[in-house]
Amino acid sequence: AKESGRNTYRFYSSEMNSKALKQLLLVNDLRKALVRGEFYLDYQPQLDLYEGRITGTEALLRWNHAVFGKISPAEFIPLAEETGQILSIGQWVLAKACQQAREMQLRCNIPLRVSVNLSTKQFQDPNLPAYVQEVLANTGLAAEDLELEITESILMENVEKAQQILHQLKAMGVTLAIDDFGTGYSSLSYLRTFPIDRLKIDRSFVQRITTHHNDAAIINAIIALGHSIGVKLVAEGVEQKGEMISLQENQCDEVQGFYFSKPIDPETLMDKISSQSVF
Ligand code: C2E
Ligand code: CA
Ligand code: CA
Ligand code: CA
């Protein structure tokens with residue numbers, strides 16, 4: 001049934017459980033969500049551990065559905081990816097994130113990098129570089145202030161193609177990050193050939209850093225490895241002070257997580273930026 005994809009819904013409609021039914025409704029509503037203005041972005045700050053201040057922020061897509069209310073991206077992004085709707089949604093995210101980041105830069109008078117997540121289909125879309133170029137020109141955001149996050153698993157799907165796309169994007173001056181690092185199976189020799197600026201250490205390791213020696217050892221090895229190939233390390237999902245201290249002791253460059261802030265709206269982020277003190 002898996003390979004028949006979307007058509008599966010038709011055949012098994014009589015036995016459909018409520019989860020499948022909801023998915024069907026969501027796929028249908030995804031089409032209208034853009035025009036109805038149901039999407040918005042929240043921003044989670046990234047803290048530079050050396051400078052002790054917010055230097056970047058990750059844009060995270062939110063969907064306020066008319067009936068279901070807030071729906072997690074973990075629930076609707078896979079559906080949008082499967083149906084191809086992710087291309088138009090992804091374009092909206094890129095444009096909105098660059099526009100809002102530029103506004104925040106101007107209003108707070110600070111440099112601020114914005115990270116945008118790319119899905120598989122978006123990353124493989126031949127029109128992506130031209131679209132990124134267009135968005136940067138339209139919003140006035142400097143290329144280096146835009147970071148594109150691509151998961152380790154997407155890159156490893158087709159290494160040669162990924163290298164080609166990454167080099168094309170890098171040539172435009174944008175910053176590149178590997179997301180969810182440590183969960184895939186990167187070969188270290190390939191890693192060196194990707195023109196990347198940052199590795200984002202997956203939350204699953206960070207979560208266990210203070211309780212499991214193995215995970216702490218893996219994180220420290222990733223940090224050392226990253227630095228040896230000239231990339232910066234961002235730890236995701238930092239929830240506790242102990243985790244931050246351990247990361248700091250091991251020269252992690254940046255942290256992101258609920259310990260510092262949940263994803264928040266632009267106004268709240270600007271308040272945080274203006275009121276932040278070096279810790
Ligand atoms: P991700 O890219 O790994 O994003 C980080 C996720 O971890 C976010 O979930 C964030 O809210 C959550 N998080 C951050 N700090 C903590 C923490 O300390 N503890 C815990 N437990 N969680 C933390 P969110 O916003 O629900 O997004 C889930 C996923 O949906 C993202 O994972 C990303 O894969 C995808 N996503 C979100 N926005 C977009 C988008 O615009 N485009 C695409 N293609 N995917 C997106
Ligand atoms: Ca991400
Ligand atoms: Ca991640
Ligand atoms: Ca924890």
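As a reminder, the structure under discussion sits directly above these lines.
Now for a look at the structure at hand. Bear in mind that the values here come from a model prediction, so they are computed numbers and not experimental data.

Coordination sphere of the calcium ion (ligand 3), protein contribution only: D179 (OD), D180 (OD), E236 (OE) and E236 (OE), at 2.2 to 2.4 Å. Of note, the donors binding the calcium ion (ligand 3) are all from one chain and are spaced D-D-x55-E. In this structure the calcium ion (ligand 2) is found 3.9 Å away from the calcium ion (ligand 3), and D179 serves as a bridging donor for the pair. Here E236 lies in the loop between β8 (232-235) and α12 (241-249) and D179 lies in strand β6 (residues 175-181), a separation of 57 residues in the sequence. For the residue pair D179 and E236, the accessibility class agrees, reading buried in each case.

This part takes up the site of ligand 1. In the region of ligand 1, 21 residues are neighbours, and Q44, L61, R62, E239 and F258 sit closest. The side chain of Q44 places a nitrogen or oxygen atom 3.0 Å from a nitrogen atom of ligand 1. Note that a nitrogen atom of ligand 1 is positioned 3.1 Å from one of the side-chain N or O atoms of R203. In isolation ligand 1 has 800 Å² of accessible area, and contact with the protein removes 82% of it. Sorting the residues of the shell around ligand 1 by element identifies β2 (53-65), α3 (73-83) and β6 as the ones contributing at least two each. Looking at which element gives the most residues to the shell around ligand 1, the answer is β2, with 4 residues.

Taken as a whole and assessed by the stated rule, the structure comprises 14 salt bridges. Here E267 ties to R107 by a salt bridge, and the two come within 3.3 Å at their closest N and O atoms. Taken together, the residues span a long stretch of sequence, with E267 in helix α13 (residues 266-275) and R107 in helix α4 (residues 86-108) at a distance of 160 residues. Taken together, the salt bridges that share partners define one network made up of E58, E149, K200 and E236.

The next thing to look at is the coordination of the calcium ion (ligand 2). Every protein donor of the calcium ion (ligand 2) is accounted for by E58 (OE), N117 (OD1), E149 (OE) and D179 (OD), and the metal-donor separations fall at 2.2 to 2.3 Å. Coordination of the calcium ion (ligand 2) draws on donor residues from a single chain, spaced E-x58-N-x31-E-x29-D in sequence. By relative accessible area, which is 6% here, D179 ends up buried.

Turning next to the packing of α4 against helix α6 (residues 128-139). Packing of α4 against α6 brings their axes to within 9 Å, and their N-to-C directions diverge by 30°. One way to sum up the angle between α4 and α6 is to call them roughly parallel. Helix-helix and strand crossings are classified by hand; for α4 and α6 the assignment is right-handed. Each of Q91, W92, L94, A95, C98, Q99 and R102 in α4 lies in contact with α6, whose residues at this interface are L128, Y131, V132, V135, L136 and T139. Tallied by class, residues from the contact of α4 with α6 come to 9 nonpolar, 3 polar and 1 charged.

In this section: the nonpolar core. The nonpolar side chains of soluble globular proteins are, as a tendency, buried together. In this structure, F123, L146 and L148 are the most contacted members of the largest nonpolar core, which totals 77 residues. Of all the elements, α4 adds the most residues to this core, at 9 residues. Once residues lying within four places of it in the same chain are set aside, the contact partners of L146 are L94, C98, V114, V116, V132, L136, L141, V174 and T175.

Below, the discussion takes up the environment of G140. Along the polypeptide, G140 turns up in the loop between α6 and β5 (146-151). Between the C-alpha atoms of G140 and Q99, which are 41 residues apart in sequence, the distance is 8.1 Å.

Bringing the packing of helix α2 (residues 18-36) against α3 into the picture now. At a closest axis distance of 10 Å, the pairing of α2 and α3 adopts a crossing angle of 65°. Taken together, the axis directions place α2 and α3 in an arrangement best described as roughly perpendicular. α2 and α3 meet at a crossing whose hand is right-handed. Of α3, the residues touching α2 (which contributes K22, Q23, L26, V27 and L30) are E75, F76, L79, A80 and T83. Here the contact of α2 with α3 is composed, by residue class, of 6 nonpolar, 2 polar and 2 charged.

Criteria and thresholds
- Residues numbered from 1 in each chain as written.
- Chains lettered and ligands numbered in written order.
- Predicted model: local features only at pLDDT ≥ 70, side-chain atom pairs only at ≥ 80, totals over all residues.
- Heavy atoms only, no water.
- Donors = N, O, S within 2.8 Å, 3.2 Å for Na, K, Ca; no water.
- Helix = DSSP H or I, 4+ residues; strand = E, 2+ residues; numbered from the N terminus.
- Buried < 20%, exposed > 50% of the residue type's maximum accessible area, 1.4 Å probe, protein only.
- Near = heavy atom within 4 Å.
- Polar contact = N/O pair within 3.5 Å; in protein donor to acceptor, adjacent residues only side chain to side chain.
- Areas by Shrake-Rupley, 256 points an atom, 1.4 Å probe, with all protein chains shown as cover.
- Salt bridge = Lys/Arg side-chain N within 4 Å of Asp/Glu carboxyl O.
- Axes fitted to C-alpha atoms, helices over the stretch in contact; angles between N-to-C directions.
- Parallel < 35°, antiparallel > 145°, perpendicular 65-115°, else oblique.
- Left-handed = near helix turned anticlockwise from the far one by under 90°.
- Contact = heavy atoms within 4.5 Å.
- Nonpolar A, V, L, I, M, F, W, Y, C, P; charged D, E, K, R; others polar.
- Core = buried A, V, L, I, M, F, W, Y, C linked by side-chain atoms within 4.5 Å.

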